[in-house]
Amino acid sequence: MMILLPLLCHALQPEDYFDRITIFSDGRITRFDHMPITVFIDKGSLPSGMEGYLSDLEYALRAWEEASGRTVRFRIVDKRSEADISVAWTAGPLPSRADNALGEAALVRMEDGFYVEIELLTHMPSSPKPLSHERMKAVALHELGHAIGLWGHSPFKEDVMFPSSENLRPSARDIRTLKRLYSTPPGTAQHGKALEILLPMAESRPDDPKIHYLIGSVYLDMGEYDKAINELLRCLELDIRYMEAGRKLVKAYLMKGGGEEALRRLESMISSNPTPELLNQAGSLAMESGRLNEAIGYFERALKLDPAFRPAKRNLLNALKLKADRLIRLKRYERAIETLERALELREADPQTHLMMGLAFSGMGDSERAISCYREALKLNPGYKEARWNLAAEYNRLGVEAMEGKRWEDARRFFEEALRIEPDLKEVRANLEAMYWNMGVDLASKGREREAIEAFREAIRLNPDLKEAYLQIGVLHLKLKEYPEAISSFREALRIDPGLREARHNLAAAYHAYAQELSGKGRYAEAVEAVQKGLELAEGEARRKLRLSLGLMYAKWGREDEALAIFREMLRENPGDEDALKAMANIHIERGNRLLKAKAYSKALREFESIPESLRTAAIYDVIA
Ligand SMILES: [Zn+2]
């Protein structure tokens, strides 16, 4: 007896109602796998004077946390998009298929998860009487129970999850069920258990569309498509406005691979009873099967019956955009634009439609109109990345065109506009750099050196390592006889690339030319310094000429011994160097003549005699004689 007693109790009062908690969730355990669960409370939905309901909701959240021993925890968030559960209030009415008369918890599945939308009624159904705070607490508690994973009802009156519960605290059975739920992995299937409960319900209430919908949903989740289709069709027969059933029916047909059959069945339903809902379902099915023109036809028929039917309007807009997208891919731009114009008639303020319109105009080569479309899209949605990117790309395209036509000012304006819109576009920066380079080369070839230098400088501003531009600037300054500027440009090129032979060669030439200019002005010390810098860089013939210049400069400066030392060294390296020989001879002749004038005949004779015989002229022989 001692053993039988608890068994007896168990038989009378089951420990939990775990088997029933997937009948609203397709026969599959559906709970959040993270804590805390985030909750968005839509305070704006509360009429003024009813703010007290906020604390009723707070009460319900705390009640679940405490009763579950904090297995369940909530955190309030400010954004609906970040919320696992959102809660809003409405004066009603709730949809006829709502969970109960006072509230509804809708499970919204997405590709990678789900969220829950709870709606709570502020007034008793069809009555001006607001809900008492006690009732609000009880309803909030019940709907939150669904949201945290109890997707079914308890058969026991004492439980919060009893269909029209007025209980204010989760019972021990509620908590046991919840704990079992949270020790079961999310996604665990218990289709059989759900059907065990739902099928007898359908037998006792065969005309309840919601039960057929729930059974169909479980079959769909199991992959039993024929059974799912039968149940969902039965649901739609009973309630043609049951949108979720229509959506799942379409899904079932598609999963089964029977789009044709689905359309046929919908068509026969439409021919006996053409409603906007059915036409909309048929359109969705055609769209899912990729038959866009057919889909557009169905949606338009739906809207003809009810021009305010929003699901058909939204679907038509999407179908038109899909069609336009396809036409753009096929480069049939004019047809695409016609299609998009129809989309704009449905919703003028749709940024995506304007963007696509821009793509079509761009494809046709009409940049001006493309740009105004992208700008319109951005006006509607300033954060629209794709529109901004395409707008910048259009200006870039215009820039390239202008650059190819050598319209430098236009090109500059377009590229700069592109960069203003999208500063990180590497391609545009590279184009702008190339534009300045080409502009520099073009201007230089027309003898407009100053402007060419400016253009190359702009290229360097964009790319500080552009050694070729420094080289070009140096050459232009050389041409303008602006030697210090030429020298500093070539030095910059060498700083970037010390092995750049052209820069070394040009730098040596610049030093040489500068030295000659300085020497011409009698600034010998500076001239000599410049030549010496040139000598550090020059090789071969350039080096020989620099040394010759250095010698000549010393001679002009009056430092004849240093000049002679240089010419002698040149001759040691290359005894046949005629330039060095002549320069040396000239110094001896000048010195000899000066000594003759001073009547220092024997010293003068030594000077003349030191001139190599091959260079002695008749006059020199005469003087010697
Ligand atoms: Zn419920």
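Residues numbered from 1 in each chain as written. Predicted model: local features only at pLDDT ≥ 70, side-chain atom pairs only at ≥ 80, totals over all residues. Heavy atoms only, no water.

1. Quick word on the side chain of Thr184
Phase 1 of the analysis: Mapped onto the fold, Thr184 is located in the loop between helix H4 (172–182) and helix H5 (191–204).
Phase 2 of the analysis: When its relative accessible area of 15% is taken as the criterion, Thr184 is described as buried.
Phase 3 of the analysis: Within the structure, the side chain of Thr184 is placed 2.7 Å from the backbone oxygen of Arg180, a separation counted as a polar contact.
Phase 4 of the analysis: When sequence neighbours within four positions are dropped, the list of residues in contact with Thr184 reads Phe18, Ile29 and Arg31. (Helix = DSSP H or I, 4+ residues; strand = E, 2+ residues; numbered from the N terminus. Buried < 20%, exposed > 50% of the residue type's maximum accessible area, 1.4 Å probe, protein only. Polar contact = N/O pair within 3.5 Å; in protein donor to acceptor, adjacent residues only side chain to side chain. Contact = heavy atoms within 4.5 Å.)

2. As for helix H16 (residues 385–404)
Phase 1 of the analysis: With 20 residues, H16 ought to run about 28 Å at 1.5 Å a step, and its terminal C-alpha atoms sit 29 Å apart, in line with that.
Phase 2 of the analysis: Buried within H16 we find Ala387, Asn390, Leu391, Ala392, Ala393, Glu394, Tyr395, Asn396, Leu398, Gly399, Ala402 and Met403.
Phase 3 of the analysis: Buried residues along H16 sit against helix H14 (351–364), helix H15 (367–380), helix H17 (408–421) and helix H18 (426–445). (Expected span 1.5 Å × (residues − 1).)

3. Brief notes about the side chain of Lys321
Phase 1 of the analysis: Position of Lys321 relative to the elements: it lies in helix H12 (residues 310–329).
Phase 2 of the analysis: Here Asp350 takes part through its side chain, which lies 2.9 Å from a polar atom of the side chain of Lys321.
Phase 3 of the analysis: If we skip the residues at most four places from it in the chain, Lys321 touches Asp350, Gln352, Thr353 and Met356.

4. Considering a negative patch on the surface
Phase 1 of the analysis: Residues Glu334, Glu338, Glu341 and Glu345 make up a contiguous surface patch of negative charge.
Phase 2 of the analysis: Here Glu341 lies in helix H13 (residues 333–346).
Phase 3 of the analysis: Relative accessible area serves as the criterion here: at 41%, Glu341 is assigned to the partly exposed category. (Patch = residues over 30% accessible without salt bridge, like charges linked within 9 Å, V, L, I, M, F, W, Y side chains within 5 Å. Areas by Shrake-Rupley, 256 points an atom, 1.4 Å probe, with all protein chains shown as cover. Salt bridge = Lys/Arg side-chain N within 4 Å of Asp/Glu carboxyl O. Lys, Arg positive; Asp, Glu negative; His and termini not counted. Charge placed at Lys NZ, Arg CZ, Asp CG, Glu CD.)

5. Overview of H12
Phase 1 of the analysis: With 20 residues, H12 should cover 28 Å at 1.5 Å per step; its first-to-last C-alpha distance of 29 Å lies within 8% of that length.
Phase 2 of the analysis: Of the positions making up H12, those classed as buried are Pro311, Ala312, Asn315, Leu316, Leu317, Ala319, Leu320, Lys321, Lys323, Ala324, Leu327 and Ile328.
Phase 3 of the analysis: On its buried face, H12 is in contact with helix H8 (243–256), helix H10 (276–288), helix H11 (292–305), H13 and H14.
Phase 4 of the analysis: One or two positions beyond H12, positive phi appears at Lys331, with a value near 65 degrees.

6. Details of the domain arrangement of the chain
Phase 1 of the analysis: Under the domain assignment, the chain is made up of domain 1 (17–184), domain 2 (350–463) and domain 3 (465–558).
Phase 2 of the analysis: Distance between the C-alpha centres of domain 1 and domain 2: 55 Å. (Domains from an automatic or database assignment.)

7. What to know about the environment of His588
Phase 1 of the analysis: Relative to the helices and strands, His588 resides in helix H26 (residues 578–597).
Phase 2 of the analysis: The spacing of His588 and Arg606 is 18 residues in sequence and 9.1 Å in space, taken between C-alpha atoms.
Phase 3 of the analysis: Not counting chain neighbours up to four residues away, the residues in contact with His588 comprise Leu564, Glu607, Ser610 and Ile611.
Phase 4 of the analysis: A distance of 2.8 Å separates the side chain of His588 from the side chain of Glu607, its partner in a polar contact.

8. Structural notes on the packing of helix H24 (residues 540–557) against H26
Phase 1 of the analysis: At their nearest, the axes of H24 and H26 sit 11 Å apart, and the two run at 5 degrees to each other. Relative to H26, H24 is oriented roughly parallel. Contact residues: Arg544, Leu548, Leu552 and Ala555 in H24; Asp579, Ala580, Ala583 and Ile587 in H26.
Phase 2 of the analysis: For the contact of H24 with H26, the residue count by class is six nonpolar, no polar and two charged. (Axes fitted to C-alpha atoms, helices over the stretch in contact; angles between N-to-C directions. Parallel < 35°, antiparallel > 145°, perpendicular 65-115°, else oblique. Nonpolar A, V, L, I, M, F, W, Y, C, P; charged D, E, K, R; others polar.)

9. Structural notes on the pairing of strand E5 (residues 113–121)
Phase 1 of the analysis: Sheet topology places strand E3 (residues 85–90) next to E5; six bridges connect them, and they run parallel. Directly across from Thr90, in E5, lies its bridge partner Leu121.
Phase 2 of the analysis: Where strand E4 (residues 103–110) lies against E5, eight bridges are found, and the strand directions are antiparallel. Its bridge partner lying in E5, Arg109 is registered against Phe114. (Pairing = 2+ DSSP bridges.)

10. Some words on the pattern of salt bridges
Phase 1 of the analysis: What the rule picks out here adds up to 56 salt bridges.
Phase 2 of the analysis: With its nearest N and O atoms 2.6 Å apart, the salt bridge here joins Arg397 to Glu394. Separated by three residues within a single helix, Arg397 and Glu394 lie in helix H16, roughly one turn from each other.
Phase 3 of the analysis: On the basis of relative accessible area, Glu394 is assigned to the buried category, the value being 1%.
Phase 4 of the analysis: A salt bridge links Glu449 to Lys479, with the shortest nitrogen-to-oxygen separation between them at 3.1 Å. Here the residue Glu449 occupies a position in helix H19 (residues 449–462), and Lys479 occupies one in helix H20 (residues 467–479), the gap between them amounting to 30 residues.
Phase 5 of the analysis: A residue is classified by how much of its surface remains accessible, and Lys479, at 54% relative accessible area, is exposed.
Phase 6 of the analysis: One salt-bridge network, held together by shared partners, links Glu541, Arg544, Lys545, Asp577 and Asp579.

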